[in-house]
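Per-entry structural report
The residues making up each chain are set out below.
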Amino acid sequence: MREKKYYIALDDFERRVVVNCMNEMRSRATEIVNQDIIYN
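Residues numbered from 1 in each chain as written. Predicted model: local features only at pLDDT ≥ 70, side-chain atom pairs only at ≥ 80, totals over all residues. Heavy atoms only, no water.

Along its length, the chain carries one helix and zero strands. When the backbone C-alpha atoms are referred to their principal axes, the chain occupies close to 40 × 35 × 5 Å. For the chain, with 40 residues in total, the buried portion stands at 0%. For the chain, the accessible area works out to roughly 4,600 Å², and carbon and sulfur atoms hold 56% of it. Taking the average location of the 7 positive side-chain charges in the chain and that of its 7 negative ones, the two points are 9 Å from each other. (Helix = DSSP H or I, 4+ residues; strand = E, 2+ residues; numbered from the N terminus. Buried < 20%, exposed > 50% of the residue type's maximum accessible area, 1.4 Å probe, protein only. Areas by Shrake-Rupley, 256 points an atom, 1.4 Å probe, with all protein chains shown as cover. Lys, Arg positive; Asp, Glu negative; His and termini not counted. Charge placed at Lys NZ, Arg CZ, Asp CG, Glu CD.)

Here we come to the pattern of salt bridges. Enumeration according to the criterion identifies one salt bridge in this entry. Taking the shortest distance from any N to any O, the salt bridge between Glu24 and Arg28 comes out at 3.3 Å. One end of the pair is Glu24 and the other is Arg28, both in helix α1 (residues 12-39) and four residues apart, which spans about a single turn. Its relative accessible area of 42% is what places Glu24 among the partly exposed residues. For Arg28, a relative accessible area of 53% translates into the label exposed. (Salt bridge = Lys/Arg side-chain N within 4 Å of Asp/Glu carboxyl O.)

Taken together, the side chains of Ile8, Leu10, Val18 and Met22 present a nonpolar region at the surface, about 390 Å² in accessible area. Here Met22 lies in helix α1. (Patch = residues over 30% accessible without salt bridge, like charges linked within 9 Å, V, L, I, M, F, W, Y side chains within 5 Å.)

Below, the structure is given as structure tokens:
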């Protein structure tokens, strides 16, 4: 059985907010990994 796919409609502003949040989360995750490597 196939999984259901969900779609959301975003305007330009909402899309920018989502993309910026995802980039911020990725940056923080990278910083955490880098700190872990440096301090261990």
